[in-house]
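Results of the structural survey
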Amino acid sequence: MHPATAKWYDRRDCVFIEFCVADSKDVKISFDKTKFGFSCLGGTDNVKHENEVDLFEAIDENESKHKRTDRSVLCYLRKAQPGKAWPRLTKEKAKLSWLSVDFNNWKDWEDDSDEEMGNFDQFSDMMNNMGGEDDLPDLDDADESADSDDEKMPDLE
């Protein structure tokens, strides 16, 4: 049994955790007020992954959700006290080797206005819009005319 690699980031009302497990099966998520559990079978060799976290603060376990894709499992943990920043995901300060900060999605929201992009409604919309190849535009009929920036480049000397 191995812990799954995960990335997390903080928002005003929630915390997101993405478990990077491709082709996950038998995904089990447990939301508890101060604990969070994840387990699944992953990959073609069905490796058993299991993670458990004592959370930095309490969450609303009834409003917390998850979504499985072919590449990962994204978890939305609704904070019990919205508006309070989490400097880390875990209660203890110990560094977990499988957990890292998702700096691509990290946002210092404490200085922002009340408009919060990471609220639950937008999360739901994002989750509903996360689709497969059916959502890709049909590029077969794309106009293949030359663009104005497709001019011939001068030869290098």
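If you look the protein up in an unreviewed UniProt entry, it shows as Prostaglandin E synthase 3 from Dicentrarchus labrax. The UniProt entry for the protein carries the following text under Catalytic activity (unreviewed entry): "prostaglandin H2 = prostaglandin E2". Under Subcellular location (unreviewed entry), UniProt gives the following word-for-word description of the protein: "Cytoplasm".

Attention now moves to the packing of aromatic side chains. According to the stated counting rule, one finds eight aromatic pairs in the structure shown. Taking 5.3 Å as the distance between ring centres and 85° as the angle between the ring planes, the aromatic pair formed by tryptophan 8 and tryptophan 106 counts as edge-to-face. Taken as a pair, tryptophan 8 in strand E1 (residues 6-10) and tryptophan 106 in the loop between strand E8 (99-101) and helix H1 (120-129) lie far apart in primary sequence, 98 residues in all. The interplanar angle of 20° and the centroid separation of 5.9 Å between the aromatic rings of phenylalanine 19 and phenylalanine 36 together place this pair among those described as stacked. Within this pair, whereas phenylalanine 19 is found in strand E2 (residues 14-19), its partner phenylalanine 36 is found in strand E4 (residues 35-42), the two being separated by 17 residues in sequence. The class of phenylalanine 19 is buried, set by a relative accessible area of 0%. The exposure class assigned to phenylalanine 36 is buried, which follows from its relative accessible area of 1%. Taken together, Phe19, Phe31, Phe36, Phe38 and Trp98 form an aromatic cluster joined through their ring pairs.

What follows is about the nonpolar core. Soluble, globular proteins show a tendency: their nonpolar side chains are buried together. Ile17, Phe19, Phe36, Phe38, Leu55, Trp86 and Leu89 are the most contacted members of the largest nonpolar core, which totals 22 residues. Secondary structure elements with two or more residues in this core: E1, E2, E4 and strand E7 (73-78). Of all hydrophobic cores here, the second largest spans five residues; its members include Tyr9, Phe16, Leu74 and Tyr76.

Moving on to unusual backbone geometry. Backbone geometry places aspartate 23, a non-glycine residue, at a positive phi of 50°. Judged by relative accessible area, which is 38%, aspartate 23 ranks as partly exposed. The backbone of aspartate 26 sits at a positive phi, close to 50°, despite the residue not being glycine. The topology assignment puts aspartate 26 in strand E3 (residues 25-31).

What counts as what
- Residues numbered from 1 in each chain as written.
- Predicted model: local features only at pLDDT ≥ 70, side-chain atom pairs only at ≥ 80, totals over all residues.
- Heavy atoms only, no water.
- UniProt positions renumbered as here; feature names shortened; annotations may be inferred.
- Phe/Tyr/Trp six-rings, centres within 6.5 Å; stacked < 30°, edge-to-face > 60°.
- Helix = DSSP H or I, 4+ residues; strand = E, 2+ residues; numbered from the N terminus.
- Buried < 20%, exposed > 50% of the residue type's maximum accessible area, 1.4 Å probe, protein only.
- Core = buried A, V, L, I, M, F, W, Y, C linked by side-chain atoms within 4.5 Å.

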